[in-house]
Amino acid sequence: MYKVYKARNILNIHKHCDGGWFWDKYSAFPYIGCEYGCEYCYERDEKYNPHRTSRDKEVLKFDDPFSEYIKIKENAPELLRSELKNRTRDLIYLDNYQPAEAKYQYVRKMLEVCLELGFPVFINEKSPMLLRDLEILREISHNSYLNIGWSIITTQDDKTLRVFEPRAPTVSVRFQAMAELSKNGIMTGTVFMPILPFIYDTEKNIKAVVKETKECGGQYVLDGGLTLSGYCRTHFYRVLKNYDPSLIPKYDDLHNNSERLSEHTARIHGEVVKYCQRYNLSPHIPRPMNFYPKELQTNKRIAEQFYLKARELQLSGEGGYKGWAYRKAAWALDDIKENVANIYCKEGVRGLMKIKSVGRSLATQIEEYLRSFEE
């Protein structure tokens, strides 16, 4: 069921960019809910779920309102133009091409707004419908920045995939669309999330996904694990019960033991990195830089390295204080308005240590990066 309405606003402004992952500072979604109904989707959790009965009693009619009840923001393009026009240019995460887009074309119109205002774009995609707007995509890619990440968790279009992605386009057409984007010079790759434990976490599957990404012109494979909190767990366990109930105690054992979960995550990430190295792909999305003011690009480059260190520590199970130290220093580097190279030139390491969240160890690392940039 579709419900069309006028929204009050559309632009989400994040305090910090999604460092180490998609790099977006803004996001905007013309559709609420998703018809593809992927059973692992973290947006079913109460923290994100837009279908609250306190707001809209109609959700009570549906078994799975997230996938069966899609709300359409009919003024989405106009809102986006209004809310972006006075914003600092930075990366915006736009919604994907779900079936409603064939009728309403609001993602296309929002892309036109981003093109007009010069905003760079990231889209996490499952549908080849996106190729309908290839001309606009090429222009955004040429004028600012565009990255299309394809949500892919296996190379096999089989019964198992239909269990977990009941209405999504086939994996084969996603890879075909990736190849088409690559031929057109558009940055693209695989968002390998979530890698489902005991289902898609085999080395064979990991190798196949990375290899197919390479063969289709992808530039990266970004991996991540499964979110199982709140209603996400309740919903996903219902699916597991029908698919293979023997997996439920295995999931309980894994997700109720933080040490075991960290070890599992580290092993899976290590295999993704290994095959990315074998096939000459990046195991992360490189941070886009060209749309930032030139005087701040050095800050962004060093912040990128700190974000990526934080991400690697998180995925290796060694995050903790050290991971947070890198992340907070990255936030500080993103926020300062003076070129960090100028700070170093005037005051050396002591000047760097005056930056919020930067102690001697991190200041020394910044110094090393600055020297490497000069080489």
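Structure report, in brief. (Residues numbered from 1 in each chain as written. Predicted model: local features only at pLDDT ≥ 70, side-chain atom pairs only at ≥ 80, totals over all residues. Heavy atoms only, no water.)

**Focus on the overall build of the protein chain**
Next, step 1: Looking only at helices and strands, one finds 15 helices and 10 strands in the protein chain.
Next, step 2: Rg of the C-alpha trace for the protein chain: 21 Å, near the compact-globule value of 21 Å for 375 residues, within the 12% margin.
Next, step 3: Along the first, second and third principal axes, the C-alpha atoms of the protein chain reach 65 × 50 × 45 Å.
Next, step 4: By residue count, 55% of the 375 residues in the protein chain fall in the buried class.
Next, step 5: A separation of at least 24 residues holds for 74% of the contacts in the protein chain among residues at least 6 apart in sequence.
Next, step 6: Summing over all exposed atoms, the protein chain offers an accessible surface of approximately 17400 Å²; the carbon and sulfur share of this is 48%.
Next, step 7: Mean positive and mean negative side-chain charge positions of the protein chain (56 and 51 charges, respectively) differ by 3 Å. (Helix = DSSP H or I, 4+ residues; strand = E, 2+ residues; numbered from the N terminus. Rg over C-alpha atoms; globule rule 2.2 N^0.38 Å. Buried < 20%, exposed > 50% of the residue type's maximum accessible area, 1.4 Å probe, protein only. Contact = heavy atoms within 4.5 Å. Areas by Shrake-Rupley, 256 points an atom, 1.4 Å probe, with all protein chains shown as cover. Lys, Arg positive; Asp, Glu negative; His and termini not counted. Charge placed at Lys NZ, Arg CZ, Asp CG, Glu CD.)

**Describing the packing of helix 9 (residues 231-243) against helix 10 (residues 247-255)**
Next, step 1: The interhelical angle for the contact between helix 9 and helix 10, taken along N-to-C directions, is 145°, at an axis separation of 9 Å. Across from Arg233, Phe236, Tyr237, Leu240, Lys241 and Tyr243 in helix 9, the residues of helix 10 making contact are Leu247, Ile248, Tyr251, Asp252 and His255.
Next, step 2: Partitioning the contact of helix 9 with helix 10 into residue classes produces seven nonpolar, one polar and three charged. (Axes fitted to C-alpha atoms, helices over the stretch in contact; angles between N-to-C directions. Nonpolar A, V, L, I, M, F, W, Y, C, P; charged D, E, K, R; others polar.)

**Regarding the state of the cysteines**
Formally, a disulfide is one covalent bond, and it connects the sulfur atom of one cysteine to the sulfur atom of another.
Next, step 1: Applying the stated criterion across every chain, the model contains zero disulfides.
Next, step 2: Cys17 takes part in no disulfide bond, and the closest cysteine sulfur, belonging to Cys114, lies 17 Å away.
Next, step 3: Using a relative accessible area of 1% as the deciding quantity, one classes Cys114 as buried. (Disulfide = S-S within 2.5 Å.)

**A closer look at unusual backbone geometry**
Next, step 1: For the peptide bond that leads from Met193 to Pro194, omega is -10°, which places it in the cis range.
Next, step 2: Within the fold, Pro194 resides in the loop between strand 9 (187-192) and helix 8 (203-215).
Next, step 3: Phi is positive for Gln105, which is not a glycine, with a value near 60°.
Next, step 4: Within the element layout of this structure, Gln105 appears in the loop between helix 3 (100-104) and helix 4 (106-117).
Next, step 5: Within the chain, Phe198 stands out as a residue other than glycine whose phi angle is a positive 65°.
Next, step 6: Tracing the sequence through the fold places Phe198 in the loop between strand 9 and helix 8.
Next, step 7: You can call Phe198 partly exposed: its relative accessible area is 37%.

**Considerations on the pattern of salt bridges**
Next, step 1: By the definition in use, this model includes 22 salt bridges.
Next, step 2: Arg132 is the partner of Glu101 in a salt bridge, and the nearest nitrogen-oxygen pair spans 2.8 Å. With Glu101 in helix 3 and Arg132 in the loop between strand 7 (121-125) and helix 5 (134-143), the pair connects residues that are 31 residues apart, well separated along the chain.
Next, step 3: The class for Glu101 is buried, based on a relative accessible area of 0%.
Next, step 4: Between Asp252 and Arg233 there is a salt bridge whose closest N-O contact spans 3.5 Å. Here Asp252 is found in helix 10, whereas its partner Arg233 is found in helix 9, with 19 residues between them in sequence.
Next, step 5: Look at Asp252 and you get partly exposed, because its relative accessible area is 27%.
Next, step 6: One salt-bridge network, in which partners are shared between bridges, spans Glu101, Arg108, Glu112, Arg132 and Asp133. (Salt bridge = Lys/Arg side-chain N within 4 Å of Asp/Glu carboxyl O.)

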